[in-house]
Amino acid sequence: MNHPNPLDLEQGLHFYEQMLKIRLFEEQVNQLYLTAKMPGLAHLYAGEEAIAVGVCETLRKNDYITSTHRGHGHCLAKGAAVDRMFAELLGKSAGYCRGKGGSMHIADPESGNLGANAIVGAGAGLATGAGLSIKLRASNQVAVAFFGEGAMGQGLVYEALNMASLWQLPVVYVCENNHYTEYTAFREVLAGELRDRPAAFQVPSKEVDGQDVRAVYNAVLPLVERARRGEGPAFLICDTYRYYGHHVGDINRAYYRPKQEEEHWRTARDPLQICAQWLRGEYAVPPALLDEIGQRVADEIRLGLEFAMQAPFPTPSELMEDIYA
Amino acid sequence: MPETTSSLHEITMSQAIHDALAEEMRRDPRVFIIGEDVAEAGTPFKVLAGLVDEFGKQRVIDAPISEPGFASIGVGAAMTGMRPVVDIMFGDFLGLVMDSIANQAAKVHYMSGGKLKAPIVFRTTLGATRRAAAQHSQSLQAWPSHIPGLKVVLPATPFDAKGLLKSAIRDDNPVVFIEDKLSWQIKGLVPEEEYTLPLGVADIKRVGSDITLVATSSMVQAALGAAEKLAVIGIQAEVIDPRTTVPLDRQTLIESAKKTSRAIVIDEGYEQYGVTAEIASVIADGAFYWLDAPVKRMGALNTPVPFSPALEDLTVPTPASIFEMAKTLCGAH
Ligand SMILES: Cc1ncc(C[n+]2csc(CCOP(=O)(O)OP(=O)(O)O)c2C)c(N)n1
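Here we summarise the structure given alongside this text.

Quick look at the interface of chain A and chain B now. Each partner contributes to the interface: chain A provides 33 residues, whereas chain B provides 36 residues. Taking both partners together, chain A and chain B bury about 2600 Å²; carbon and sulfur atoms supply 64% of that area. Looking only at chain A, the three residues that lose the most surface to chain B are I119, Q154 and L319 of chain A, adding up to 21% of its buried area. Across the contact surface, chain A and chain B share one salt bridge. E188 of chain A is the salt-bridge partner of K57 of chain B, the closest N and O atoms lying 3.4 Å from each other. Seen at the junction of chain A and chain B, the total is twelve residue pairs in polar contact (both at pLDDT 80 or more). When grouped by side-chain class, the residues that make up the side of chain A that touches chain B number 16 nonpolar, 13 polar and four charged.

The next subject is the sheet that holds strand β1 (residues 64-66) of chain A. Residue and element names in this part refer to chain A. On the basis of which strands lie adjacent, the open sheet formed by five strands has the order β1-β2-β3-β5-β4 and parallel pairing. Of all the strands in the sheet, the pair left with one neighbour each is β1 and β4 (205-209). Averaged over all adjacent pairs, the angle separating strand axes in this sheet is 20 degrees, with direction ignored. Of the strands in this sheet, β3 (171-177), β4 and β5 (234-239) are in contact with helix α8 (residues 213-228), which crosses β4 at around 160 degrees.

This brings us to the packing of aromatic side chains. In the structure shown here, the tally under the stated rule is 17 aromatic pairs over all chains. Look at Y241 of chain A and W265 of chain A: their rings are 4.9 Å apart centre to centre, the planes differ by 10 degrees, and that puts the pair in the stacked class. Highlighted residues: Y241 of chain A in the loop between β5 and α9 (259-268) and W265 of chain A in helix α9, separated in sequence by 24 residues. Taken individually, Y241 of chain A and W265 of chain A each receive the classification buried, so the pair is uniform in this respect. Ring geometry for F45 of chain B versus F90 of chain B: centroids 5.5 Å apart, planes at 75 degrees, classification edge-to-face. Note that F45 of chain B is positioned in the loop between β2 (31-35) and α2 (51-55) and F90 of chain B in the loop between β4 (83-87) and α4 (94-111), a separation of 45 residues in sequence. In this structure, F45 of chain B and F90 of chain B share a single accessibility class: buried. Taken together, the aromatic side chains of Y180, Y183, Y241, Y255, Y256 and W265 of chain A make up a single cluster linked through ring pairs. Positioned above the aromatic ring of Y244 of chain A, the side-chain terminus of R266 of chain A is 5.4 Å from the ring centre. Sitting above the plane of the W290 of chain B ring, K258 of chain B keeps its charged end 4.3 Å from the centroid.

Conventions used here
Residues numbered from 1 in each chain as written. Chains lettered and ligands numbered in written order. Predicted model: local features only at pLDDT ≥ 70, side-chain atom pairs only at ≥ 80, totals over all residues. Heavy atoms only, no water. Contact = heavy atoms within 4.5 Å. Buried area = accessible area lost by both parts, 1.4 Å probe. Salt bridge = Lys/Arg side-chain N within 4 Å of Asp/Glu carboxyl O. Polar contact = N/O pair within 3.5 Å; in protein donor to acceptor, adjacent residues only side chain to side chain. Nonpolar A, V, L, I, M, F, W, Y, C, P; charged D, E, K, R; others polar. Pairing = 2+ DSSP bridges. Helix = DSSP H or I, 4+ residues; strand = E, 2+ residues; numbered from the N terminus. Axes fitted to C-alpha atoms, helices over the stretch in contact; angles between N-to-C directions. Phe/Tyr/Trp six-rings, centres within 6.5 Å; stacked < 30°, edge-to-face > 60°. Buried < 20%, exposed > 50% of the residue type's maximum accessible area, 1.4 Å probe, protein only. Lys NZ or Arg CZ within 6 Å of the ring centre and 35° of its normal.

Here it is, written out as structure tokens:
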């Protein structure tokens, strides 16, 4: 087994730290927006951390992921560094994409990240292509596609599922159902049940509480392993919630999403609190240890941001580079 | 500018689009809107805010994130008696719907020997410098402009937007109507009364005698800005807005170039194979014996739109860069 026992204390603390890193990163991004220090907009992943971390912790470094417009969490969980992430968001040369991609396009091949994507559903096709490539190269990797439930509107996703099933490709599709597309409740734009869709292609699926990192990890681990063994694709449906608006500028959202509902998820279903609870209860982790992690992560975020703020912008000579390989 | 004696009021381009849709929906029960987050949200840009209150969810239809699906559904509805206005949130998503537009809507009339038609409007957007990066910033008007059977509208003012959108909805052909995201807040005078503007008639946005600046959509404001700077150094620029790339008002463009003997064509699409190329060749052909300089083109640089402001701002023509080009072309120092 490559993977540590999910009940291992070290692993639990690591899950917590990774999720906290994403949370503090996203809160900092929101601040950057509110203080007009960041160009453009960003779609925050806060609230959904358990999915990226639970899934990516089952993956090897050279396994692939494809991500979405709400991609910061996936990138960090797969191994991206905070400083270069911030640098990209600020449009600096030191960013993962030399400032050319920005929030919606962070890619980091070194950690297996084939890129966030601003076209809803596009990553599902690309991950399936990575799956085909893995199979043809016999490289023993796995590809994971992250996408929101809104992507289930895209025909491409079904075409990809069909081919992945036909050709038994090593792809795990992770659908993050955060209940809203942009400003529309998913039930208003989705007929039937999500779970019936992969079933139509005989792609096995599971549903999991996307707020419990341990549950996500345990649910996805066998799916990743069977994919790696060449037993074909699988589909994971995660129930989750985004804490902020569709993007950082979506501040008055009561017209599509009740305040009480937001409150409920933040208080009763927070992935960090849930994780901290079982760390304290089942592993007797002392609060001081969690505080220590909190401090460490806060320092990492602070230093990462400092690095990015001081980093230079790209020079005009970089503009026409990278158009062709 | 409206050449009417009726009373005028000042509204934004966003309001003009909204009002054109509301008026056409009141006039014609066949008109409906379909797209993502068009109902309560009124689109992410709020252009359609309130329409659902008046017309209900039957006629302002929130679709799933299924652009190829609802574009195709729109064409089918158009072929069977409706007048859909399909909302494609970002022009970049034309990539998802080009089959419905270019292979279905554009061709059905011709392929059926004139028996079928697809009176449909695809409303979408263009424009960079919003820090939205490579997949949300393109100006792809060259794509539909390339396809026979489509009409393509690029409004630059509230007056034009309203009058042209109403005509687009009434047109029996598929029309791609492309709005500059940064122009929605531009204000302008619009008649209180009902009016329409014909598709295929250019508008002279500023009269001048020394050089013709043909500019579309977002670039109209940039060209007007350049014209003001040019006036300061004694160069009178004529700014012409074709308003539609198809049909193209060749006559007005050629006449202006004959008068001024110099022309620059400016459009925010990529310069390579862009609409500027077509328009420049029309002018070069039609005004050949009157020209004192080669017809110049200015478009977006031939690169995916970068995210970083330090790079993005270099990719599109600006009043300053148009001014420089015009000055050089006029031989001024
Ligand atoms: C093909 C395409 N259509 C529309 C959009 C605009 N858009 C961006 S995010 C989004 C909603 C996505 O919802 P979902 O997939 O559930 O992800 P979430 O934002 O909820 O994480 C939409 C419609 C887009 N980026 N790409």
